[in-house]
Amino acid sequence: MTLVERQAQESLTRVIEAVRCRSEGEAADEKKWLEALDALHDLREQLAVWEPLLIEAAREAGASWARIAPALGVTSRQAAERRYLRLRPNKDAALTREQRVQATRDERAGDKAVALWARQNASELRQIAGQVSALTGLSRTGRRNAAALADSLTGDDPSTLIEPLADMHEHLVGDHGQLAARVDAVGRRVSRVRQDTRRQRGADKS
C-alpha cells in the first residue's frame, strides 16, 4: 500500500468512527469532530485526484462516455465528459486566475440564458421530448437514454430536457430523421444562445 493509499484509508476510518459516534449518541470533545472534518476534507481532495484517473482508465479500456455517465451520477455523456474536463489536472494551465474566474462567470451566464430560453420554449421542448421518449425499437443504450429523457419530463425545469434530448440524436438518425432534425435544431439554438450571451458580455466589458 502506498503512502497516499494508507493516508486515505486512515482518513476514511477516522470519518466512519466519528459518524458512528454521532449516530449512536456517544459523547466526544470538539477535537474529535474537528479531526473528522479535517479527515473528510483530505478525502475529498484525494477523491478529486483519483476520479479523473479512473475515468481515463475506463476510457482507455473502451468504455464510452454514455456508459461512464451513470457511474458518475449524471444522465448524459456530455455531462460525464464535462465533469472529467472540470476535474482533470492542469486543464486551465494557460489561463490566469482572473481568466478562470471570468470563464466560470461566462459559463454561468450562458447557463442562465439557456434556462430562460428553455422556459420561453417549454411547450416545444416538451412536445419533442415526449415524442422522442415514446419511441420503440431502440437499442439498449437508446432505451436507457429515452428513459432518462422521460424522467426529465416529469420535472418542472424544461432546461433539463436539453442534454437528454442531445443524447438521443444519434439514435434518431435514419429511422426517425424528422425528429433527429428537430433535436438538432434545438442543439443549434442552444449553442446560438450561449454564443450571443458570450458576445454580449464581451461587448459590455469593452
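Rules behind the numbers
Residues numbered from 1 in each chain as written. Predicted model: local features only at pLDDT ≥ 70, side-chain atom pairs only at ≥ 80, totals over all residues. Heavy atoms only, no water. Salt bridge = Lys/Arg side-chain N within 4 Å of Asp/Glu carboxyl O. Helix = DSSP H or I, 4+ residues; strand = E, 2+ residues; numbered from the N terminus. Core = buried A, V, L, I, M, F, W, Y, C linked by side-chain atoms within 4.5 Å. Buried < 20%, exposed > 50% of the residue type's maximum accessible area, 1.4 Å probe, protein only. Contact = heavy atoms within 4.5 Å.

Further remarks concern the pattern of salt bridges. One side chain can pair with another of opposite charge once the charged atoms of both are near each other. Throughout the structure, instances matching the rule amount to 13 salt bridges. The shortest N-O distance in the salt bridge between Glu 170 and Arg 77 comes to 3.1 Å. You can see Glu 170 sitting in helix α8 (residues 162–172) and its partner Arg 77 sitting in helix α4 (residues 77–87), a full 93 residues away along the chain. A salt bridge links Arg 194 to Asp 111, with the shortest nitrogen-to-oxygen separation between them at 2.8 Å. On the criterion of sequence distance, the pair formed by Arg 194 in helix α9 (residues 177–205) and Asp 111 in helix α5 (residues 97–120) is long-range, its members being 83 residues apart.

Attention now goes to the nonpolar core. The tendency in soluble globular proteins is for nonpolar side chains to be buried as a group. By size, the foremost hydrophobic cluster in this structure holds 23 residues, and its most contacted members are Trp 117, Leu 125, Val 132, Leu 149, Leu 165 and Leu 172. When contributions to this core are tallied by element, the ones reaching two or more residues are α5, α6 (122–133), α7 (140–153), α8 and α9. Residue contributions to this core peak at six residues, all from α9. If near-sequence neighbours (up to four positions away) are discounted, Leu 125 is found in contact with Trp 117, Ala 118, Pro 158, Leu 161, Leu 165 and Val 186.

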